[in-house]
Amino acid sequence: MSVAQSQAATEMHAAVRRLSLHPLSKYRLPCPRFSEPLELLSFSYDGQRKVCFDNRELKYFHPPSLNPAPCLFDGIESQIQRDHGKNEHIDGLLAALTHRHSPAPLECQPDFIMYRGMLTRIFVTPYSTRDSWTMNATRVGATIYVEDTPKNVADQEDRTEFHQKMMYSGYKFETLCVLDQPSRQLKRDGLLDSALLSRPNSVVDTNREYCSVFKTRLGNHSIISGAEVDCIDQEKPDTAPNRVYRELKTSGILDNERKVESFERHKLLKFWAQSFIAGIPMVTVGFRDNNGILRSVEDFRTQDIPRLVKHNQSMWQANVCMNFADQVLQFIKDSVVDEGPEMQYRIAFDSGSQEIQISALGRLEPFLTREYLALVAQP
């Protein structure tokens, strides 16, 4: 390596800002302030993946039937899959914010705008230390926008057949738990029985989504985030609808201690983080056997999940996740400083070094939409 190359490599290395994950004891503090998420708006993706500024894809929870026990692998050949080869960035979230505020400028400039998945990834990192991840960020005005990287999006197309089968079982479980209209309304119209009978034959279509956009605060960081919502327990109320939203998840049956420990250590952590961040109070889990047969269904209150693992000192702790996320958000604020939609940064967790690393990528094609940029540019 030449002297010039060596100097360039040294400068590049020095440009990387680092935050060490360990020791975890530094995050064992009282929980930072966390504001209850408040929904600002909602939107839908239809079957063509078009953003619709309404609740057409909102589904209503009705417990699945276990008699006969359904197979969560049924219909996998006929599913309609979303094209993950197309990177949607955070277009849907920005389109919804643009639609809500246009032609007036945004009424507030939060510290962060990102999808819930990015926050969840940060929350679980202290206990998911083998899982490296990357995100991209850009700052416009006072707000930092964070999105998934194109590689992570594309990798979803390359999952193993087994992994794709497990993912399908989750979507299938959702179809067995929801209705297009509230069950009370269907019962009144005499349509409930036929709606329930048709659920096992419903085609899974992963293009369709219902999304909630909400604001919250963690520590000193104000956040606007968007999250896919599986279903709601009743007709959507005018205020605080997140209080009656419900998450739907699947897991293998817990027929030995090793599986119970793995479920508590990994799945309950992610279930809690996802639901807690969006203020969703209930998680319904369907447990399937190795053949995909749904054997049982159990409800978990989000606020109770951390207590379920408290008996095991080697398990995760909610306050550690929250304090770590609080510090990471501050680290991002301190690192993503150059303003402008073309200036982008890479945020990464490296499982080898056990560090959060932030580096400048330089000027790139903005991942914020032109319509949204025009909105925030208004005086």
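Residues numbered from 1 in each chain as written. Predicted model: local features only at pLDDT ≥ 70, side-chain atom pairs only at ≥ 80, totals over all residues. Heavy atoms only, no water.

The protein chain appears in an unreviewed UniProt entry as Decapping nuclease from Coemansia aciculifera. Database annotation for the protein chain, UniProt heading Subcellular location (unreviewed entry): "Nucleus". Per UniProt, the comment on the protein chain under Sequence similarities (unreviewed entry) is "Belongs to the DXO/Dom3Z family." (UniProt positions renumbered as here; feature names shortened; annotations may be inferred.)

Asker: What should I look at first to understand the sheet that holds strand β6 (residues 133–140) in this one?
Answerer: Strand order across the open sheet formed by 10 strands is β1-β16-β15-β6-β7-β5-β10-β9-β2-β3, with mixed pairing between neighbours. Only two strands of the sheet have a single partner each, and these edge strands are β1 (17–20) and β3 (51–52). Contacts from helix α3 (residues 116–124) reach β5 (112–115), β6, β7 (143–148), β9 (209–218) and β10 (221–228) within the one sheet, and its direction differs from that of β5 by about 95 degrees. The strands that helix α10 (residues 318–335) touches are β1, β5, β6, β7, β9, β10, β15 (343–350) and β16 (355–363); relative to β1, the one it contacts most, it runs at about 170 degrees. (Pairing = 2+ DSSP bridges. Helix = DSSP H or I, 4+ residues; strand = E, 2+ residues; numbered from the N terminus. Contact = heavy atoms within 4.5 Å. Axes fitted to C-alpha atoms, helices over the stretch in contact; angles between N-to-C directions.)

Asker: Looking at this structure, I do not really get empty space enclosed by the protein. What am I missing?
Answerer: A water-sized probe, rolled over the atoms, reveals where empty space remains. In total, this model carries 2 cavities of 30 Å³ or more according to the counting rule given. Volume-wise, the second largest cavity comes out at about 30 Å³. Within the residue set of the lining of the second largest cavity, elements represented by two or more residues are α3 and β9. In the lining of the second largest cavity, the residues fall into 6 nonpolar, 1 polar and no charged. (1 Å grid on protein atoms, 1.4 Å probe; cavity = no way out; pocket = protein on both sides within 12 Å on 5 of 7 lines; lining within 4 Å. Points joined across faces, edges and corners; volume = space filled by probe spheres on them. Nonpolar A, V, L, I, M, F, W, Y, C, P; charged D, E, K, R; others polar.)

Asker: What's the story with the state of the cysteines in this structure? I'm lost.
Answerer: As used here, a disulfide is simply a covalent bond connecting the sulfur atoms of two cysteines. Enumeration over the complete set of coordinates arrives at 0 disulfides. In this structure C52 is a free cysteine whose sulfur lies 11 Å from that of C211, the closest cysteine sulfur available. With no disulfide of its own, C231 lies 7.1 Å from the sulfur of C177, the closest cysteine sulfur. C231 sits in the buried class, given a relative accessible area of 0%. (Disulfide = S-S within 2.5 Å. Buried < 20%, exposed > 50% of the residue type's maximum accessible area, 1.4 Å probe, protein only.)

Asker: What is the right way to read α10 from this model?
Answerer: Side chains three or four residues apart in an α-helix point the same way, a direct result of the helix having 3.6 residues per turn. Between its terminal C-alpha atoms α10 stretches 26 Å, which fits the 26 Å expected from 18 residues at 1.5 Å a residue. Burial analysis of α10 places 15 of its 18 residues in the buried class, the great majority of the element. (Expected span 1.5 Å × (residues − 1).)

Asker: Would you explain the pairing of β6 in this entry?
Answerer: Along any regular strand, the residues point their side chains to alternate faces of the sheet. Counted residue by residue, β6 has 7 buried out of 8 residues, so it is predominantly covered. Strand direction decides the pairing type here: β6 and β7, joined by 6 bridges, are antiparallel. Pairing of M135 across the sheet is with D148, part of β7. If you look at the hairpin formed by β6 and β7, you'll find 2 residues sitting between the two strands, and G141 has a positive phi there, around 65 degrees.

Asker: Teacher, can you tell me more about the layout of surface pockets here?
Answerer: A volume near 570 Å³ is recorded for the second largest pocket. At the level of secondary structure, the elements contributing two or more residues to the lining of the second largest pocket comprise α5 (161–177), β8 (178–179), α7 (192–198) and β9. Considered class by class, the residues forming the lining of the second largest pocket number 9 nonpolar, 5 polar and 10 charged.

Asker: Can you walk me through α3 in this structure?
Answerer: Across the 9 residues of α3, 8 count as buried, placing the element largely inside the fold. Listing the buried residues of α3 in full gives R116, M118, L119, T120, R121, I122, F123 and V124.

Asker: Any chance you could explain the pattern of salt bridges here in plain terms?
Answerer: For side chains bearing opposite charge, pairing can occur when the charged atoms are close. Enumeration according to the criterion identifies 25 salt bridges in this entry. One salt bridge in this structure joins R121 and D148, with 3.2 Å as the shortest N-O distance. Separated by 27 residues along the polypeptide, R121 in helix α3 and D148 in strand β7 bring together distant segments of the chain. The pair R121 / D148 is uniform in exposure class, with both members buried. Where R184 meets E235, a salt bridge forms, and the shortest distance between an N and an O atom there is 3.1 Å. Residue R184 is located in helix α6 (residues 183–188), and its partner E235 is located in the loop between β11 (231–232) and β12 (245–252); the two are separated by 51 residues in the primary sequence. Overall, the relative accessible area of 59% leaves R184 in the exposed class. Take E235: its relative accessible area is 33%, and that puts it in the partly exposed class. Bridged by salt links that share partners, the residues E57, K59, D180, D205 and R208 form one connected network. (Salt bridge = Lys/Arg side-chain N within 4 Å of Asp/Glu carboxyl O.)

Asker: Before we go on, may I ask you to explain the packing of aromatic side chains in this structure?
Answerer: Two aromatic rings, taken as a pair, are described by how far apart their centres are and by the angle between their planes. Within this structure, the stated rule accounts for 13 aromatic pairs. Consider the rings of F123 and W272, whose centres lie 6.1 Å apart with planes at 50 degrees: the pair is tilted. You can see F123 sitting in helix α3 and its partner W272 sitting in helix α8 (residues 257–278), a full 149 residues away along the chain. Exposure class is identical for F123 and W272. Each is buried. Where W272 meets F276, the ring centres are 5.1 Å apart and the plane angle is 20 degrees; that geometry is what we call stacked. Remark: F276 and W272 occur in helix α8; sequence separation between them is 4 residues, near one turn of the helix. These aromatic residues form a ring-pair network of at least three members: F34, F123, W272, F276 and W316. (Phe/Tyr/Trp six-rings, centres within 6.5 Å; stacked < 30°, edge-to-face > 60°.)

Asker: Would you mind showing me how to read the nonpolar core here?
Answerer: If you look at soluble globular proteins, the nonpolar side chains tend to sit buried side by side. Formed by 62 residues in total, the largest nonpolar core has its most connected members in F123, W272, W316, I332 and I356. A total of 10 residues in this core trace back to one element, the largest contributor, which is α10. I332 has contacts with F112, I144, I347 and I358, leaving out every residue within four places of it along the chain. If you look at the next biggest cluster of nonpolar residues, it comprises 21 residues, including L41, L94, A96 and L373. (Core = buried A, V, L, I, M, F, W, Y, C linked by side-chain atoms within 4.5 Å.)

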